[in-house]
Amino acid sequence: MVYQITNPYTNQIEKVYSNQGASEIEAALQKGDQLYKSWRNTSFESRAANLNAVSQLFKKKVDEIATVITRDMGKRFIEAQGEVLISAEIAQYYADHASEFMAVRPFKSRMGDAQLVPKPIGVLMAVEPWNFPIYQLMRVFAPNYILGNPMLYKHASNTPGSAEVFAELLIEAGVEVGACTNLFIDYEQVNQIIADKRIQGVALTGSERAGALIAAEAGKNLKRSSLELGGSDPFVILHDADLSEIEKIVGQARLYNAGQVCTSSKRFIVTNDNYEAIVKMLSHAFSKAVMGDPFAATTTLAPLSSLKAKKDLVKQVEAALSNGATLAYGDMSKNQGEDCFFSPVILTDITPGNPAYYQEFFGPVGQIYQVADDDAAIALANDSNYGLSGVLFSGDLNRGIDYAKRIETGGVFVNSYGGTLPELPFGGVKRSGYGHELSELGFEAFMNPELIVARSTPIDLDNAFGGFL
Ligand code: NAP
């Protein structure tokens, strides 16, 4: 496992990092465990203040951090700036809501006065992907820091710059050493950490393949886990949708972050009457894409994260075509070079027998499906192995909401673009994983709601259920 920065724009290796060994892992576990034990019985308030400082520092250093992200994985600088700012907002959100989320929850029981006390569970191991290399770390770190779960993380091997700068900035903002430790380690070392008794939770964002392996390790060791995996999200256009609203976002829905977003709209599902218009609209949006230096303001489509990612996507599109799909827009001859750029394409006529029908395409590839009516659109949306998110447009908002509720997925944005905000829960069903990040649900992912029952009346065993109560 080599951690190195290979700038996707130039395809040149810029920096190689050294891996860490058993002594660094042991030090991180020890420090994390010490913090967990002390945080269990101390107030969250100083951590909330530190998290507030983290938010301020990220805002102050937005360009510096965004530069690291763009060099690591190639996204447009303006998108990297946006990623840093939303990460700062996540930190701010958990700092601001700390007292609400950490509040004791009292309730009445026949046994006496009961309460649930939000408690941490211990040190967490996080394994994170390259596509949002700062935001993904913040999603796990911020809620768990307030709660009192320290974390170790293994970041993607192609984003070591982001991995390093994240940990450094936390320390600079006043976060305790050991609260969030970056480790450049291999898969076997991750497994060893998961097996360590000081680790109590495992969070992974990434592919199904990695998710299944990490979840198996967590299960084998009886550790709580959460998995945020891939998606092939539908963009459902009901027959009465306002196409002028769709036109504003259709390109962005697929091309943002060069199409490398788990919640990108990957399958456009449209009724017969609007089909030609949507093919034209998406083709037009794709034709406007300007590929180039991700630091240039004129660039609207960045390179993919690596040459391997590009080659894998080329193979996937070629397999789709050889299995009967139509190339409705684009020119695959433009995607044969030894650079990381992928010129966008649109696939149509994808049948269930085509492997593309059930696959995730992680890049600028739009799939458009034609259906007879709105019910068929929902049926097709649900005919997927994934269920992460989705977008649905209808001319009637309430009708749109009713149809949205029929989609088997983690969440649907009705008459809106799909997006992420700190207060919106993020999590999927089916092969998109389980558990949630962000919002109060993200705060609870690795929480122990410890039950305390205090009895103020004498014990009355005669009226108990055979001694059970
Ligand atoms: P990936 O190959 O699974 O990598 C993700 C992380 O897992 C990396 O840190 C990787 O390390 C590590 N990893 C892979 N196999 C591992 C193993 N056996 N043991 C320990 N660690 C392992 O995923 P990717 O292809 O880079 O990322 C794209 C996928 O992530 C897409 O499917 C996308 O939809 C999904 N994603 C989901 C969300 C969400 O919130 N649901 C968000 C973003 C991305 P190395 O880099 O060293 O291999």
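A brief structural summary. (Residues numbered from 1 in each chain as written. Predicted model: local features only at pLDDT ≥ 70, side-chain atom pairs only at ≥ 80, totals over all residues. Heavy atoms only, no water.)

Before going further, it helps to examine the sheet that holds strand S16 (residues 391–393). Read from one edge of the open sheet, 7 strands run S12-S13-S14-S11-S10-S16-S17, paired in mixed fashion. The sheet is open, and its two borders are formed by strand S12 (326–329) and strand S17 (413–414), each paired with just one other strand. Across 2 bridges, the pairing between S16 and S17 is parallel. Looking across to S17, one finds that Val 391 is bridged to Phe 413. Where helix H12 (residues 307–322) meets the sheet, it contacts S12, strand S13 (345–348) and strand S14 (365–371), and its direction lies at approximately 30° from that of S13. (Pairing = 2+ DSSP bridges. Helix = DSSP H or I, 4+ residues; strand = E, 2+ residues; numbered from the N terminus. Contact = heavy atoms within 4.5 Å. Axes fitted to C-alpha atoms, helices over the stretch in contact; angles between N-to-C directions.)

Direction of pairing for strand S3 (residues 105–109) relative to strand S4 (residues 112–120): antiparallel, over a ladder of 5 bridges. Among the inter-strand pairings, Phe 107 is bridged to a residue of S4, identified as Ala 114.

What follows covers the environment of Thr 263. Positionally, Thr 263 belongs in the loop between helix H10 (243–255) and strand S11 (265–271). Residues Thr 263 and Gln 20, spaced 243 residues apart in sequence, show a C-alpha to C-alpha distance of 33 Å.

To continue, consider the pattern of salt bridges. Inspection of every chain in the model, using the stated rule, returns 23 salt bridges. In this structure, Glu 172 and Lys 61 form a salt bridge, with 3.0 Å as the shortest nitrogen-oxygen distance. With Glu 172 in helix H7 (residues 160–173) and Lys 61 in the loop between helix H2 (45–60) and helix H3 (62–73), the pair connects residues that are 111 residues apart, well separated along the chain. Classification of Glu 172 by relative accessible area gives partly exposed; the value is 48%. Ionic pairing is found between Arg 105 and Glu 444, a salt bridge with its closest N-O pair at 3.2 Å. Taken together, the positions of Arg 105 in strand S3 and Glu 444 in helix H15 (residues 439–444) put the pair 339 residues apart, joining distant regions of the chain. (Salt bridge = Lys/Arg side-chain N within 4 Å of Asp/Glu carboxyl O. Buried < 20%, exposed > 50% of the residue type's maximum accessible area, 1.4 Å probe, protein only.)

Let's shift gears to empty space enclosed by the protein. Any empty space left between the atoms is revealed when a probe the size of a water molecule rolls over them. If you walk through the whole model with that rule in mind, you get 2 cavities of 30 Å³ or more. Taken as a whole, the largest cavity encloses approximately 60 Å³ of empty space. Taken together, Arg 139, Val 140, Pro 143, Asn 144, Ala 203, Ser 226, His 436, Glu 437, Leu 438, Gly 442, Ala 445 and Phe 446 make up the full set of residues lining the largest cavity. Class assignment of the residues belonging to the lining of the largest cavity gives a composition of 6 nonpolar, 4 polar and 2 charged. Lining of the second largest cavity is provided by Ser 232, Asp 233, Pro 234, Arg 267, Ala 381, Ser 384, Tyr 386, Gly 387, Leu 388, Ser 389, Glu 408 and Thr 409. Elements supplying a minimum of two residues to the lining of the second largest cavity: strand S10 (233–237) and strand S15 (386–387). (1 Å grid on protein atoms, 1.4 Å probe; cavity = no way out; pocket = protein on both sides within 12 Å on 5 of 7 lines; lining within 4 Å. Points joined across faces, edges and corners; volume = space filled by probe spheres on them. Nonpolar A, V, L, I, M, F, W, Y, C, P; charged D, E, K, R; others polar.)

Attention shifts here to the nonpolar core. Of all hydrophobic cores here, the largest spans 67 residues; its most connected members are Leu 51, Phe 58, Tyr 94, Phe 141 and Phe 166. The greatest single-element share of this core, amounting to 10 residues, is contributed by helix H4 (residues 77–96). When neighbours within four sequence positions are excluded, Phe 141 is seen to be in contact with Leu 51, Met 151, Phe 166, Leu 170, Val 175, Ala 179 and Cys 180. In terms of nonpolar packing, the next biggest core, distinct from the first, is built from 52 residues, Ile 278, Val 317, Ile 350 and Ala 356 among them. (Core = buried A, V, L, I, M, F, W, Y, C linked by side-chain atoms within 4.5 Å.)

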